[in-house]
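A closer look at the structure
Residues per chain, in single letters:
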Amino acid sequence: MQSALILAGVTGGVAVIIFLTQLINQLQGTIIDKVLGSQLPGGLDYAVFDFAVNSGVRRAIEFLQHVTSAKVDGKIGPETLLAVEAMGRERYAAYTDYV
């Protein structure tokens, strides 16, 4: 990757910034996929993603399951998603500052 950036006229600090930006984008995609962020309501998706980045994916999912009274197994699936839906926007809004 570095040689391709140098050939394109990108060197030094700019190359590092580009590399780190690409790495962050890949990590965000991986984490958001693991917590099924695309299937969570707006606001809650960001809160769970943020929790996962800072505390780990499994811990974020387990907390979500605990809060929604779903079976706590650290794996997000249909039961957890149904529990989130049943919980309702008003209740989960108390757990986020983003809704």
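Criteria and cut-off values
- Residues numbered from 1 in each chain as written.
- Predicted model: local features only at pLDDT ≥ 70, side-chain atom pairs only at ≥ 80, totals over all residues.
- Heavy atoms only, no water.
- Patch = residues over 30% accessible without salt bridge, like charges linked within 9 Å, V, L, I, M, F, W, Y side chains within 5 Å.
- Areas by Shrake-Rupley, 256 points an atom, 1.4 Å probe, with all protein chains shown as cover.
- Salt bridge = Lys/Arg side-chain N within 4 Å of Asp/Glu carboxyl O.
- Buried < 20%, exposed > 50% of the residue type's maximum accessible area, 1.4 Å probe, protein only.
- Phe/Tyr/Trp six-rings, centres within 6.5 Å; stacked < 30°, edge-to-face > 60°.
- Helix = DSSP H or I, 4+ residues; strand = E, 2+ residues; numbered from the N terminus.
- Core = buried A, V, L, I, M, F, W, Y, C linked by side-chain atoms within 4.5 Å.
- Contact = heavy atoms within 4.5 Å.
- Expected span 1.5 Å × (residues − 1).
- pLDDT = per-residue confidence, 0-100.

Residues Val16, Phe19, Leu20, Leu23, Ile24 and Leu27 make up a contiguous nonpolar surface patch of roughly 520 Å² in combined accessible area. With relative accessibility at 47%, the residue Val16 sits in the partly exposed group.

Right, let's get into the packing of aromatic side chains. Summed over all chains, the structure comprises 1 aromatic pair. Taken together, a centroid distance of 5.4 Å and an interplanar angle of 40 degrees make the contact between Phe51 and Phe63 tilted. Of the two residues, Phe51 is situated in helix H3 (residues 44–55) and Phe63 in helix H4 (residues 57–68); the sequence distance between them amounts to 12 residues.

Moving on to the nonpolar core. Ranked by size, the top nonpolar core spans 13 residues in total, and within it Leu40, Val48, Leu64 and Ile76 carry the most contacts. By residue number, the principal contributor to this core is H3, which donates 4 residues. Each residue touching Leu40, except ones within four places of it in the same chain, is listed here: Val35, Asp45, Val48, Leu64, Ile76, Leu81 and Val84.

For Thr68, the location among the structural elements is in helix H4. With residues near it in sequence (within four places) discarded, Thr68 still touches Ala83, Val84 and Met87.

This paragraph deals with H4. The α-helix winds at 3.6 residues per turn, so residues separated by three or four positions along the chain end up facing the same way. Relative to the 16 Å expected for 12 residues at 1.5 Å per residue, H4 spans 17 Å between its end C-alpha atoms, a close match to the ideal helical length. Backbone geometry just after H4 places Ser69 at a positive phi near 65 degrees.

The next point concerns the confidence of the model for the chain. Close inspection of predicted coordinates is inappropriate in any region flagged by low pLDDT. The predicted model of the chain has a mean per-residue pLDDT of 80, with 79% of residues at 70 or higher. Within the chain, the element-level pLDDT minimum falls on helix H1 (residues 2–7), averaging 47, and the maximum on H4, averaging 94.

Within the secondary structure, Ala70 sits in the loop between H4 and helix H5 (78–87). On a C-alpha basis, the gap between Ala70 and Ala83 in space is 5.8 Å, while along the polypeptide they are 13 residues apart.

Moving on, we get to unusual backbone geometry. Within the chain, Leu36 stands out as a residue other than glycine whose phi angle is a positive 50 degrees. For Leu36, the position within the fold is in the loop between helix H2 (12–34) and H3. Among the residues examined, Leu36 registers a relative accessible area of 23% and is labelled partly exposed. In this model, Ser69 sits at a positive phi of 65 degrees, which is unusual for a non-glycine residue. Secondary-structure assignment places Ser69 in the loop between H4 and H5.

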